[in-house]
Structure formats: structure tokens, C-alpha cells
Amino acid sequence: MGFDGDEEYGFCKLLHLPAFERGHGLSAAEVFETHRRSHVTEATIIDIKAMGLNAVRVPFGYWCVLGPTKGDPYVGPSLHHLDNVVDWCEKHRLQVLLDLHGNPGGESSEKPCGRSMKSWSFSCWRKDESLEALRIVATRYKDRVHVAGLQVANETGRLVDPVKLVDHYADCARVIRECGMLAENVAVVCPFYFHGPPIGTSQKRRFLKRWAERVADLDHCILDLHYYHFSEFDREHIRGTLHTQVTRYNSELEALPATVVGEFSAGRPPACSSMNPQKFFEMQLSLYMANSTHGAFFWCWSDGAGGDWSLKDADETRREAIKSEAEVNRQRNPNLEATPREELIRKLSIKENDDD
């Protein structure tokens, strides 16, 4: 049938086939309710807290909020599961970053937003529906003190118009603030996801220039960066040693005004010989926590892929490294307030002729 079962869109289409329901005696709604109820439980949150972590990034698709729209096959809504996670994190004193990981129409052509679509363009993104989903989430959780952030999208298309993207982020921030999620309490998290070296491409410079122009509309909005090193393109003979690659990313964190490393892993490129997985993990954790303003999140807690991708399966050495870094982080007593607008403009240091 041409369905890709490795993405939620294709898997849902498969589950909706009459032959599946007849053969398994379960509807798509029953399958997903069972999965969502069991994949993350209160015990999961307790384990995360015990590891020394202090925050959880919770990805969800728009269909969990609005239900599927425009003929999408997804299963939803299912906000009661988000309610459970927020309740558990509040009970066990963990901060929550709510992450609209799959937008209506997709925020890219890639699977992480729910489906892959080679013909995707920025116009496919149904932004009005995205704003409605954010409005519902912001209204629902605006008074929950452990909700520290609301992310407006995941990994946006790398070739989208940076100016249009920043303008959409400003619209998202406006809606979220109008619902009562105040800048002094909740960060609005916006992906900064473009090809190329740190702040070295025209797209990145155009994005940051527009960000500076719209800064009055982006109060306590922070940039989300995902730093991975596992692909063929990350081979050391192409991009340098892992130490060089991580240091290069770290220089970007130091240059940007307000950031969170929303995803990183210990996955290494093929034939890597310069650094073992544990050393690689520790280097990333230390640098990202020291130089991002809002911390770093490992991807992910549990996916059965082993300790380099599944933190739940980390060995004791890695667990001790996490606890050690958590103690260092507590001693730093990081300032989680919004970056002052004057400081934001100063750190961007973008000139009118930097958009070439």
C-alpha cells in the first residue's frame, strides 16, 4: 500500500485498514490508547528524577490537542495523557518543556513531525491551526508552575524563508502570552535549524537579523538547537574530530543570545576512533550545560536503541556523570530569567549588510 510504518502518519493509515481491525480485534484508537497509557507512567518520571535530571521535554503532535484535521489519519485528541505527565512532574518536582513536535501540515518534510513528504513546502504548514493548538495548550497549563517552556515546533525545514519563520514565531509568542503564559514564568522555545557552520550561512544571518528586528515581540523566546554527530556527513575525515565538531557547536551557543540544546545524543559517526562514547557524552553534557542559557535535553529517555540513544539504558558510569553534572549545575545557580532585550541586541551584533 506504500505506507511507511516507521512514521506515525503511515502507521495510523495501516491501523485504519479494515483488515487490521478484523485481524487483531483492535481499533486504531485502542492501539494508541494502550501505547500512550503504558509508554510513559509515573514510574518513568520517578526514574528520571532519581537519575539527577531536573526537567523533561515532552513531545506531542497537534492531533493530541485538536484531533486529526484535513483528513490526517492520526489518533486524537489525547490531552489527558499530557495532563498526567504534568501532574507527575509537579508531584516529583521536575520542570516541563511542552513540545509541539508535529505541527498541522508538518514543519518540515521529515519523519520527526509525524510524516515524511518529499513535496513539502512552507505553505503546507497550516499555521493557523498551529496557533489554535498552542492557544489550547497555553490556556490549559498557564497556571502550572512546573511548566517552564512551550515549544512551538520541532525541527523546521532547513530551507524555509528565515524571515517568514521568525514572523511565525512572533505570532506564536503573541498567542501564548495572550493566553496568560507570562514571559517571566514560561519560555517560548523556537527552533534554530539550518544547514551550515555556526552562524556562518546567509540563512542563519537573515534569521538572526529578523529576530533582532522583532525582539520586542519575542520576550523570553529562546532558540532550540539540536546537535547530532551520527550520520555519514559527520565522519571525522569530513568534519574533523568529534572534539572539533562539539567545540564548533559550542561556539555557536556562546554567540547566540538565549538557547536550549533541545536534543543531543551519544551516537557517533561511522568508523569514529577519536573519542569513546562515554567521553563523547561527558564532553557534550558539560559544554552544553555550561554555555546554553536554558540547559540541554538528551534524546531520548527510552527507545530500545541502547545507552547512546536511550538514557534509561545508560550504564552506571554514565549515570554518575549525569549526577556529577547536575551538582555542578546546581552550584552554578543559573539565571533562568528572560535575556534583557538590550543584551539580546548586543549579542546578536548584526549589521545591515550581513544578509549577503
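Conventions and cut-offs
- Residues numbered from 1 in each chain as written.
- Predicted model: local features only at pLDDT ≥ 70, side-chain atom pairs only at ≥ 80, totals over all residues.
- Heavy atoms only, no water.
- Phe/Tyr/Trp six-rings, centres within 6.5 Å; stacked < 30°, edge-to-face > 60°.
- Helix = DSSP H or I, 4+ residues; strand = E, 2+ residues; numbered from the N terminus.
- Buried < 20%, exposed > 50% of the residue type's maximum accessible area, 1.4 Å probe, protein only.
- Lys NZ or Arg CZ within 6 Å of the ring centre and 35° of its normal.
- Contact = heavy atoms within 4.5 Å.
- Pairing = 2+ DSSP bridges.
- Axes fitted to C-alpha atoms, helices over the stretch in contact; angles between N-to-C directions.

J.: Would you mind going over the packing of aromatic side chains with me for this structure?
T.: Any two aromatic rings considered together are summarised by their centre-to-centre distance and by the angle between their planes. Under the definition given, this model contains 20 aromatic pairs. Each ring, one from Y62 and one from Y74, has its centre 6.0 Å from the other, and the planes form 90°; the classification is edge-to-face. Taken together, the residues Y62 in the loop between β1 (55-61) and α5 (63-66) and Y74 in the loop between α5 and α6 (79-91) connect sequence positions 12 residues apart. Take Y62: its relative accessible area is 0%, and that puts it in the buried class. Taking relative accessible area as the criterion, Y74 reaches 5% and is therefore assigned buried. Each member of the aromatic cluster is reached from another via a ring pair, and the members are Y227, Y249, F264, F281, Y288 and F298. Taking the ring centre of Y193 as reference, the NZ or CZ of R158 above it sits at 4.0 Å. Across from the ring centre of F281, 4.8 Å away, lies the NZ or CZ of R318, which sits over that ring.

J.: Explanation requested: the environment of A271 in the structure shown.
T.: Structurally, A271 can be placed in the loop between β6 (259-264) and α12 (277-291). A relative accessible area of 68% places A271 in the exposed class. With 35 residues separating them in the primary sequence, A271 and E236 have C-alpha atoms 8.4 Å apart. A271 has contacts with R235 and E236, leaving out every residue within four places of it along the chain.

J.: For this particular structure, what's the right way to read the sheet that holds strand β7 (residues 296-298)?
T.: Hydrogen bonding along the main chain pairs the strands of a sheet, whether they run parallel or antiparallel. Spatially, the seven strands line up as an open sheet ordered β1-β2-β3-β4-β5-β6-β7, and their pairing is parallel. At either end of the open sheet lies a strand with only one pairing partner, and these are β1 and β7. With direction set aside, neighbouring strand axes in the sheet form an average angle of 25°. Bridge count for strand β4 (residues 187-191) against strand β5 (residues 221-227) is four bridges, and the pairing is parallel. Of the residues in β5, the one forming a bridge with V189 is I222. Packing of helix α7 (residues 127-141) onto the sheet brings it into contact with β1, β2 (95-102) and β3 (147-151), and relative to β3 it is tilted by some 175°. Contacting β5, β6 and β7, α12 runs over the sheet at an angle of about 160° to β6.

The analysis is restricted to geometry; functional conclusions fall outside its scope.
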